[in-house]
Amino acid sequence: MSVDVWAEVDLDAYRANLLRVRSRVAPAEIMVVVKNDAYGHGIRPIVGAAVAEGVRFVGVLDPGVGIELRASGLPESVRLFAWLFAADENYGPAAAARVELGVSSVEQLRRIVSTTDGPRRDVLPRIHAKIDTGLGRAGARAEDWPALVRAIEAEARAGRVEFVGLWTHIAEASDEEDSVSIAAFERAALEVAPERRADLVHHLAASAASFSRADSRFDLVRVGAFGYGIAPGGGVSPASLGLIPVMSLHARVVAVEGEGDDAVAVLPIGTADGLLPGDVEGLEAASGGRRAVVSIGLTETLVRDADLRVGDVVTLFGREDRGEATLQEWADALGTIGEEIVVRLSSRIERRVIDGG
Ligand SMILES: *Cc1c(COP(=O)(O)O)cnc(C)c1O
């Protein structure tokens, strides 16, 4: 990967966003969601910053990511939660690393019990039961839910698992649908015996709902995008939510093609580095306080700014308070969401962590 391309990851901005989200959702707690690599921002610095701020829950997609975080020294006081598993998952390593498990079916529960019935039985697998409240992406369906709850309660009584949470995931696309999901979640919770229910951490909302709806917050909200300063799209800017983009993408001009007013600057980054193909209206970069239209090719991005010289730094997306295009503008221009752009960005592009402390 060219040394002339890099992404800055601003931990001061990340901390400011966490504060913003926390004050918005309190008294609910936050789970910082990193999925596999903190949405392309780099998992270690992001988790380190969150934990230093006192965040007590980290959500990883895949248990292997949680196991690695634990092995890197993440203390057990920080609770890890994973929810994507292979059909033939061996849950032993995850349970031993104290990675808590999202569970959607009795079959999965049986597999958890059978694969963790090993030498470290002092460390019981911790279960968060998932109900499908309309999204149709994992989670027990309403008709299967009572059987799942009964089975988890029985395994907990037998001392084979710890029942610690109830959760679901919602679309956050329309208020109406979300209201239906919230009501379904509340109904599902009643299936658990009251004395046990009081001890379960209830969690439903991700970034968007956690911000906009108090009734979605329950005990804990799972926040990915807003922590990174990624707005939900549709023209809503991060600043309008009080959020600061954490990542900015920069490249140095390596050549100038053409002459005079028609000259275009060449940046050594393209779709081969994970950018989405784009020769669309509204796609802009910034340099020296000026905006210019860009088009993205396979290995190069062209910037229509006749004043750029070889060696100048261009910011592809960054921060509106610096006059730069935001990830949100790029996402709107490219017809996608901000997350899609950052998670696809090649891991070979250097992440330069900025940490003012
Ligand atoms: C990705 C994810 C989140 C975080 O969503 P954001 O919109 O990025 O905050 C929360 N919960 C689940 C289950 C997820 O997959």
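A quick note: this is a predicted structure, and the numbers were derived from the prediction, not measured.

Caption draft 1: Fine view of the packing of aromatic side chains. Under the criterion given, the structure shown has nine aromatic pairs. Plain terms: the ring middles of F81 and W167 are 5.0 Å apart, the flat faces sit at 90° to each other, and that makes the pair edge-to-face. Highlighted residues: F81 in strand β4 (residues 79-82) and W167 in strand β7 (residues 162-167), separated in sequence by 86 residues. Across the pair, exposure class does not vary: F81 and W167 are buried alike.

Caption draft 2: Structural detail: the site of the ligand. Neighbouring the ligand are the residues V33, K35, Y39, W83, W167, H169, A206, S207, R222, V223, G224 and A225. Within the side chain of S207, an N or O atom sits 2.5 Å from an oxygen atom of the ligand. Between the ligand and the protein, one listed contact pairs a nitrogen atom with a side-chain N or O atom of R222 at 2.8 Å. For the shell around the ligand, the class distribution of residues is seven nonpolar, three polar and two charged.

Caption draft 3: Representation of the nonpolar core. Of all hydrophobic cores here, the largest spans 103 residues; its most connected members are V34, L249 and W330. Counting only domains with at least three residues in this core, you end up with domain 1 (11-227) and domain 2 (247-354). If we skip the residues at most four places from it in the chain, V34 touches Y39, I43, I46, V47, V58, G59, V60 and Y228. By size, the runner-up hydrophobic cluster in this structure holds six residues, among which are M31, F57, F81 and W167.

Caption draft 4: Spotlight on helix α5 (residues 106-115). Here α5 has its buried residues at Q108, L109, I112 and V113. Taken end-on, α5 shows its buried residues confined to a sector of 140°, consistent with a single buried face. For α5, the exposed residues set more than 90 degrees away from the buried face come down to E107 and S114. Summarising the contacts, the buried residues of α5 are in contact with β5 (99-103), β6 (126-130) and α6 (145-157).

Caption draft 5: Spatial organisation of the UniProt feature "modified residue: N6-(pyridoxal phosphate)lysine" (unreviewed entry) in the protein. Listed under "modified residue: N6-(pyridoxal phosphate)lysine" (unreviewed entry) in the UniProt record, and renumbered for this structure, are K35. Looking at where K35 falls in the secondary structure, it is placed in the loop between β2 (29-33) and α2 (43-52). On the basis of relative accessibility, which here comes to 32%, the residue K35 falls in the partly exposed class.

Cut-off values and rules
- Residues numbered from 1 in each chain as written.
- Predicted model: local features only at pLDDT ≥ 70, side-chain atom pairs only at ≥ 80, totals over all residues.
- Heavy atoms only, no water.
- Phe/Tyr/Trp six-rings, centres within 6.5 Å; stacked < 30°, edge-to-face > 60°.
- Helix = DSSP H or I, 4+ residues; strand = E, 2+ residues; numbered from the N terminus.
- Buried < 20%, exposed > 50% of the residue type's maximum accessible area, 1.4 Å probe, protein only.
- Near = heavy atom within 4 Å.
- Polar contact = N/O pair within 3.5 Å; in protein donor to acceptor, adjacent residues only side chain to side chain.
- Nonpolar A, V, L, I, M, F, W, Y, C, P; charged D, E, K, R; others polar.
- Core = buried A, V, L, I, M, F, W, Y, C linked by side-chain atoms within 4.5 Å.
- Domains from an automatic or database assignment.
- Contact = heavy atoms within 4.5 Å.
- Arc of directions from axis to C-beta.
- UniProt positions renumbered as here; feature names shortened; annotations may be inferred.

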